[in-house]
Amino acid sequence: MGNRFQVSDRFAAGAQYIGGRLRAGTSDQEHSVIDPATGESVYTYALASTADVDEAVAAAKAAFPGWAGATPGERSDALHRFAGVLAEWADDIARVESLQCGKPLKLTTEFDVPGTIDNTAFFAGAARHLQGQSAAEYSGDHTSYIRREPIGVIGSIAPWNYPLQMAAWKILPAVAAGNTIVLKPAELTPLTSLMFAQAAKEAGIPDGVINVVSGAGRTVGEHLVGHPDVVMTSFTGSTPVGKRVAEIATATVKRLHLELGGKAPFVVFDDADLEAAAQGAVAASLINSGQDCTAATRAYVQRPLFDAFVARVAELMETVRVGDPFDPATDLGPLISHRHRDSVAGFVERARAYATVVTGGEAPGGDLKDGAYYRPTLITGAAQDSEVVQSEIFGPVLVALPFDTDDEGIRLANDTPYGLAASAWSRDVYRANRATRDIKAGCVWVNDHIPIISEMPHGGTKASGYGKDMSAYSFEEYTQVKHVMFDNTAVAAKDWHRTIFGDR
Ligand code: NAD
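Just so it is clear, the structure is predicted and the values come from calculations on it, not from any experiment. (Residues numbered from 1 in each chain as written. Predicted model: local features only at pLDDT ≥ 70, side-chain atom pairs only at ≥ 80, totals over all residues. Heavy atoms only, no water.)

(A) Layout of the packing of helix α1 (residues 50-69) against helix α7 (residues 217-226). Across the interface, α1 lies against α7 with an axial gap of 9 Å and an inter-helix angle of 35 degrees. Relative to α7, α1 is oriented so that their crossing is right-handed. Along its contact with α1, which presents T50, V53, D54 and V57, the element α7 presents T219, V220, H223 and L224. Here the contact of α1 with α7 is composed, by residue class, of four nonpolar, three polar and one charged. (Axes fitted to C-alpha atoms, helices over the stretch in contact; angles between N-to-C directions. Helix = DSSP H or I, 4+ residues; strand = E, 2+ residues; numbered from the N terminus. Left-handed = near helix turned anticlockwise from the far one by under 90°. Contact = heavy atoms within 4.5 Å. Nonpolar A, V, L, I, M, F, W, Y, C, P; charged D, E, K, R; others polar.)

(B) The arrangement of the nonpolar core in detail. One finds Y43, F82, I210, F266, V268, F309 and V313 to be the most contacted residues of the largest nonpolar core, which totals 97 residues. In terms of residues, this core owes the most to one element, helix α5 (residues 163-176), which gives 10 residues. No fewer than three residues from each of domain 1 (18-131 + 144-260 + 464-483) and domain 2 (264-446) sit in this core. Other than its neighbours up to four places away in sequence, F309 contacts F266, V268, L274, A277, A278, A281, A299 and V301. (Core = buried A, V, L, I, M, F, W, Y, C linked by side-chain atoms within 4.5 Å. Buried < 20%, exposed > 50% of the residue type's maximum accessible area, 1.4 Å probe, protein only. Domains from an automatic or database assignment.)

(C) Examining the pairing of strand β16 (residues 421-425) more closely. Of all the five residues making up β16, five are buried; the element is thus mostly covered by neighbouring parts of the structure. Burial along β16 is two-sided: A421, S423 and W425 and A422 and A424, pointing in opposite directions, are all buried. Where β16 and strand β17 (residues 443-446) come together, four bridges link them in parallel fashion. Bridge pairing in β17 places A421 opposite C443. As for the winding sense of the linkage, the β-α-β connection from β16 through helix α14 (residues 429-438) to β17 is right-handed. (Pairing = 2+ DSSP bridges. Right-handed = clockwise from strand over helix to strand, strands pointing away.)

(D) Up close: the domain arrangement of the protein. Each domain of the protein was delimited in the assignment, giving domain 1 (18-131 + 144-260 + 464-483) and domain 2 (264-446). Between domain 1 and domain 2, the contact holds 26 residues from the first and 28 residues from the second. With both sides pooled, the region where domain 1 packs onto domain 2 buries about 2000 Å², and carbon together with sulfur makes up 60% of that total. Of all residues in domain 1, P36, W160 and S464 bury the most surface against domain 2, accounting for 26% of the area lost on that side. In this structure, K106 engages D331 in a salt bridge whose closest nitrogen and oxygen atoms are separated by 2.7 Å. The interface formed by domain 1 and domain 2 contains nine residue pairs in polar contact (both at pLDDT 80 or more). Residue assignment for the side of domain 1 that touches domain 2 shows that the elements contributing at least two residues are α3 (90-101) and α4 (105-126). The element contributing the most residues to the side of domain 1 that touches domain 2 is α3, with five residues. For the side of domain 1 that touches domain 2, a count of residues per class yields 12 nonpolar, nine polar and five charged. (Buried area = accessible area lost by both parts, 1.4 Å probe. Salt bridge = Lys/Arg side-chain N within 4 Å of Asp/Glu carboxyl O. Polar contact = N/O pair within 3.5 Å; in protein donor to acceptor, adjacent residues only side chain to side chain.)

What follows is the structure, given as structure tokens:
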């Protein structure tokens, strides 16, 4: 199949990156990175042990004073060099990301990798622009000012759907602000996180500032979250695991940032541009094979447009070319694993009992039979409280439902536990603006769905978690605001001492 290549040599030393050195994990368990397009193992590595986590945290702790003490300008210069190295390595990183995730090469080369380079360049600039309130004599007798300080060693846990970008979203704001970090990527996809850390070293970022432990969630992940020398946990993944992480972090009084699941609504009002909405729904539901926390999953379409929307979306879905990620003509690659593909298929099979599968709903056979592929799928006729409308499927599956009044469309859009992202489609500026106000989500697009930019925050509400990735808002997570207050009176008996000494 296609243009396969070897990664084993590149990671021959192992899949742990600790103190600036790639080495093998010391647990007695191995894990294989599987190419989901073929089902074949491309790399087998020893998983990290909890002792490896201890060593990585110690390396990050040792690196902290030096990195936190660097000037913002010095950190910025290092991050600019880092963006340059990533640009030089872009082709290699894109190919490894496509191999371990099954993402079409055009997605990794046009989205994952350039997005990560842009994030890195953004945080190089942002490192020099930490915000705070102006110094002033707010009490009259003191000068108050704000210090915004790095907080220490950050423990981060990332999912498999955008391994490179999630590593970047976790590492960059933390490191730009002067923290050091230990990242645990998903077991399925450690390779580009390791390349990201190696690129940082190549750029001159000191050893120990960025560490990667590739290990299992229940053991290594929980150990990292509970580690006494880790001051903050930043987690991106599913809502159930996020709840578990929150329990452990709370027990050790850690700062917590949770980016969890989503079930994004896509609300089409009856004055919308039907063709734009249909194309937008297909692209936004199928990007990354639908394994995107912000992917369009629930299309609510006002009744006059509903039938035409369904027909056009089905027609467009059938033109999407499912195939080998390394074939330049491929639009849609496999899902991350056969197990996950079977989970997605299970949702669709159960839905057949109460809804209509308009197109898709099957794995392609033929040349693709060994891969974890699934065809673009459109479902109608499901009730609002049904499983396919309420649960995160995380696959190339869109459910379309009609609505009558604008209020009903918004109410249905808000009617899941999640609140990560949403879109409203209308040519009426007042209607669109009301939707942006009333939809409960961390991001609402108007007449588009998916684009993200380094300058603007990403993060959810409700069961989608809290805290922001990217943008200057991410520094709220990764810095400690300290109030410093200087007395200006130079007198021993200060006015407020009357509360203790009375009028003596
Ligand atoms: P997951 O929750 O199964 O795993 C995420 C990470 O947590 C992995 O590294 C895993 O090893 C680790 N983990 C598992 N159990 C753990 C435990 N008990 N303690 C500590 N760590 C543990 O999620 P996934 O299947 O890898 O990714 C898909 C999910 O991620 C979806 O729900 C998706 O919506 C979500 N996601 C959210 C965002 C966002 O920005 N909100 C972005 C990407 C993905």
